[in-house]
Every structure is written in structure tokens, then in C-alpha cells.
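# Structural overview for review
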Amino acid sequence: QVQYVESGGGLVQPGGSLRLSCAASGSIFSIYGMGWYRQTPGKQRELVAGITIAGTTNYADSVKGRFTISRDNAKNTVYLQMNSLKPEDTAVYYCNEVRLVIPLTPGKYDYWGQGTQVTVSS
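A short tour of the structure in this document, coming up.

## Re the state of the cysteines
- On inspection of all chains with the given rule, the structure shows 1 disulfide.
- Residue pairing for cysteine 22: its cysteine sulfur links by disulfide to cysteine 95, the two sulfurs lying 1.7 Å apart. Taken together, the residues span a long stretch of sequence, with cysteine 22 in strand 3 (residues 18-25) and cysteine 95 in strand 9 (residues 91-100) at a distance of 73 residues. Residues cysteine 22 and cysteine 95 agree in their burial class; the two are buried.

## What about the packing of aromatic side chains?
- Tallied over the entire structure, the rule returns 5 aromatic pairs.
- Note on tyrosine 109 and tryptophan 112: the rings are 6.4 Å apart at their centroids and 65 degrees apart in plane angle, and the pair reads as edge-to-face.
- For tyrosine 109, a relative accessible area of 18% puts it in the buried group.
- Each member of the aromatic cluster is reached from another via a ring pair, and the members are Tyr4, Tyr37, Tyr94, Tyr109, Tyr111 and Trp112.
- It is arginine 19 that lies over the ring of tyrosine 79; its NZ or CZ is 4.1 Å from the centre.
- Over the ring of tyrosine 94 we find arginine 45; its NZ or CZ atom is 4.2 Å from the centre of that ring.

The rules behind each value
- Residues numbered from 1 in each chain as written.
- Predicted model: local features only at pLDDT ≥ 70, side-chain atom pairs only at ≥ 80, totals over all residues.
- Heavy atoms only, no water.
- Disulfide = S-S within 2.5 Å.
- Helix = DSSP H or I, 4+ residues; strand = E, 2+ residues; numbered from the N terminus.
- Buried < 20%, exposed > 50% of the residue type's maximum accessible area, 1.4 Å probe, protein only.
- Phe/Tyr/Trp six-rings, centres within 6.5 Å; stacked < 30°, edge-to-face > 60°.
- Lys NZ or Arg CZ within 6 Å of the ring centre and 35° of its normal.

Nothing here speaks to function; it is geometry throughout.
Structure (C-alpha cells):
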């Protein structure tokens, strides 16, 4: 049974930073590309960043230059450093596998963690 536990979200002012973490268990973490997705009420889940096993990264245009994804395969953990946050970044953030990193392509999965809420507001 795959489990993802996301953490690190919170309330931050515009222009601020947060670092999200996602601990994975029960999956073969070291052979899959991983990504960060986000979702706001009434909208589809959006893939914003992906990283291959070797560390190649790719980003959605909306976050490029502001977000950085990284992973520690030994710890089965993926991170998302978010800088210069904007109100439109407000969402629940989830991690999961990705179908492809280049081009950035989400997969369809039945299992998701609880997510971590990021709120950007003054």
C-alpha cells in the first residue's frame, strides 16, 4: 500500500517562502519520477513540478523560476522549495508519481496523501 505524507504548508505573506516535504512509503520510490501537484476548490489537480530519479527537473510555467523540486532517494522524500509566493499559489499541495517529467505529464492514481495547505495572503 502506497502512502504519501505531505507537510510544511502554512500561511505566508505574498513574497514569502515555504518548503514542503513528502515522505513516501510502500512504493518503489527509487524507480519513479515524482512530482508536486496542487488543487484549489472546484478545479482539477494541477502538476506543477516533476523530478526524475537522476534529478532532472521540469516545471509548469506558472511556477518556473520560483519553485524548486528536489528528492532524497535514500530517505524516500521529495521536497518543494517555494519562493516569491503569490496569492494564486494558494492551494492544497500533494506529491505523487508522474507519468513523465519532460514534458511534464501527470499520471492517474487512486492513492493520494492528505496534502498540505498553502495559503498566501496578507
